[in-house]
Amino acid sequence: MRNIQHTLESRPVLKRMILLVGALIVILLCTFALSTIATAKHTQAAQRGTQTTYESIRISGGDSLWSIAQEYRGLENTADFVEELKVLNNLSSDRIQTGSYILVPVTSVL
């Protein structure tokens, strides 16, 4: 263990490379997760005779993820839709900024 620690301390380039590879792995996993969720939603929509599109909406003063979810959720549970919005928009909290944009899934019956 001492040799590995000594090697990392004596080679800052190696340490940076390990951090970079780790960051790339996390990015790839997040991309895969989002892709899987989108594919599953599309499959579910197709089975129900519905179509899901994505709308970019601008956040206005007083908006919250909860209020947006209530407006766009359709038949889905509001809390579940809030979580879906967070995943879709890569949000780590429920806070959103006035003037920013988020993607919202909109499901319509065919």
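Residues numbered from 1 in each chain as written. Predicted model: local features only at pLDDT ≥ 70, side-chain atom pairs only at ≥ 80, totals over all residues. Heavy atoms only, no water.

**Q** How should the pattern of salt bridges be read in this particular structure?
**A** Any two side chains of opposite charge can pair, given that their charged atoms come close. Taken as a whole and judged by the stated rule, the model has two salt bridges. Where E83 meets K86, a salt bridge forms, and the shortest distance between an N and an O atom there is 3.7 Å. With a gap of three residues between them, E83 and K86 both fall in helix α4 (residues 78-88), about one helical turn apart. D94 is the partner of K86 in a salt bridge, and the nearest nitrogen-oxygen pair spans 3.1 Å. By relative accessible area, D94 is classed as partly exposed at 48%. One salt-bridge network, in which partners are shared between bridges, spans E83, K86 and D94. (Salt bridge = Lys/Arg side-chain N within 4 Å of Asp/Glu carboxyl O. Helix = DSSP H or I, 4+ residues; strand = E, 2+ residues; numbered from the N terminus. Buried < 20%, exposed > 50% of the residue type's maximum accessible area, 1.4 Å probe, protein only.)

**Q** Got a minute to help me understand α4 in this structure?
**A** Given 3.6 residues per turn, any residue in an α-helix points the same way as the ones three and four places further on. Looking only at α4, the buried set comprises T78, F81, V82, E84, L85 and K86. One or two positions beyond α4, positive phi appears at N90, with a value near 55°.

**Q** How should the nonpolar core be read in this particular structure?
**A** Note that soluble globular proteins tend to have their nonpolar side chains buried in a common cluster. Ranked by size, the top nonpolar core spans 11 residues in total: I57, I59, L65, I68, A69, F81, V82, L85, I96, I102 and V104. For this core, the secondary-structure elements that each account for two or more residues are α3 (65-72), α4 and β2 (101-109). Here I57 is in contact with I68, Y72, S100, Y101, I102 and V104, once residues within four sequence places are set aside. (Core = buried A, V, L, I, M, F, W, Y, C linked by side-chain atoms within 4.5 Å. Contact = heavy atoms within 4.5 Å.)

**Q** What exactly am I supposed to notice about the packing of α3 against α4 here?
**A** Two quantities define a packed helix pair, namely the angle between the axes and the distance from one axis to the other. For the pair α3 and α4, the least separation of the axes is 9 Å and the interaxial angle reads 110°. In terms of axis orientation, α3 runs roughly perpendicular to α4. Where α3 crosses over α4, the two elements pack in a sense that is right-handed. Across the interface between the two elements, L65, W66, I68, A69, Q70 and Y72 of α3 pack against T78, A79, F81, V82, L85 and K86 of α4. Classifying every residue of the contact of α3 with α4 gives nine nonpolar, two polar and one charged. (Axes fitted to C-alpha atoms, helices over the stretch in contact; angles between N-to-C directions. Parallel < 35°, antiparallel > 145°, perpendicular 65-115°, else oblique. Left-handed = near helix turned anticlockwise from the far one by under 90°. Nonpolar A, V, L, I, M, F, W, Y, C, P; charged D, E, K, R; others polar.)

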